[in-house]
Amino acid sequence: MNLEVFQEDGVWRARWGEQVWPCAIGRGGVRADKREGDGATPAGSWPLRKVFYRPDRAARPATALPCRALTPTDGWCDDPADPAYNRLVALPFAAGHEVMWREDHLYDIVVTLGHNDDPPVPGLGSAIFLHLARDDYGPTEGCVALMVSDLLTFLRQAAPQTFVHVKP
């Protein structure tokens, strides 16, 4: 079973079996031709790679997926010119990157998705995650976001062969 992300009546939703939840997507909509910095969520099917969580804010999620606690020195390279592009990096890091240990709660639980990572192609998008949504389901920078209870329900039942399928 896969997590299906689709638009219905102008609202983005995620279907997991019989459950349907509201979700957020990128400010640039959904695009088949994802590019770095466009704010779009890439259309397609993306495997779940690893779950990260903030141990000071959340317990380790119950999941069959690989899981690791974040640290304040975790970052994610988003610089297409760097050899570590679209990879977890240790901070401080000279090239462009995202800080994974965020002040807000969006990455208190975050799942890395297998978009442009095997191997990464510079410029085709980085840091595409499944993470926590803002209370108003405001747009992401290209990720898919769910409320904490929905993400935890999904993670309890997800398996290493589960994909997130984003429909254009």
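In this report, the structure presented in the accompanying data block is examined. (Residues numbered from 1 in each chain as written. Predicted model: local features only at pLDDT ≥ 70, side-chain atom pairs only at ≥ 80, totals over all residues. Heavy atoms only, no water.)

### Some details on the state of the cysteines
Each disulfide consists of a covalent bond between the sulfur atoms of two cysteine residues. Under the definition given, this model contains 0 disulfides. Unpaired in this structure, Cys 77 has its nearest cysteine sulfur neighbour in Cys 143, at a distance of 15 Å. Its relative accessible area of 0% is what places Cys 77 among the buried residues. (Disulfide = S-S within 2.5 Å. Buried < 20%, exposed > 50% of the residue type's maximum accessible area, 1.4 Å probe, protein only.)

### Notes on the packing of aromatic side chains
Under the counting rule described, the total for this entry stands at 3 aromatic pairs. Residues Trp 16 and Phe 154 carry aromatic rings whose centres are separated by 4.7 Å and whose planes lie at 85° to one another, so their mutual orientation is edge-to-face. Of the two residues, Trp 16 is situated in strand E2 (residues 11-16) and Phe 154 in helix H1 (residues 148-157); the sequence distance between them amounts to 138 residues. Comparing Trp 16 with Phe 154 shows no difference in burial state: the two are buried. (Phe/Tyr/Trp six-rings, centres within 6.5 Å; stacked < 30°, edge-to-face > 60°. Helix = DSSP H or I, 4+ residues; strand = E, 2+ residues; numbered from the N terminus.)

### Focus: the nonpolar core
Buried together is how nonpolar side chains tend to be arranged in soluble globular proteins. Counting 31 residues, the largest nonpolar core has Leu 3, Val 5, Leu 130 and Phe 154 as its most contacted members. Sorting the residues of this core by element identifies strand E1 (3-8), E2, strand E6 (44-53), strand E11 (109-113), strand E12 (129-132), strand E13 (144-146), H1 and strand E14 (163-166) as the ones contributing at least two each. Element by element, the count of residues in this core is highest for E6, at 4 residues. Not counting chain neighbours up to four residues away, the residues in contact with Leu 130 comprise Leu 3, Ile 109, Val 110, Val 111, Leu 113, Val 144, Leu 146, Leu 151, Phe 154 and Val 164. (Core = buried A, V, L, I, M, F, W, Y, C linked by side-chain atoms within 4.5 Å. Contact = heavy atoms within 4.5 Å.)

### What about the environment of Glu 8?
Looking at where Glu 8 falls in the secondary structure, it is placed in strand E1. On the basis of relative accessible area, Glu 8 is assigned to the partly exposed category, the value being 35%. There is a polar contact of 3.2 Å between the side chain of Glu 8 and the side chain of Arg 13. (Polar contact = N/O pair within 3.5 Å; in protein donor to acceptor, adjacent residues only side chain to side chain.)

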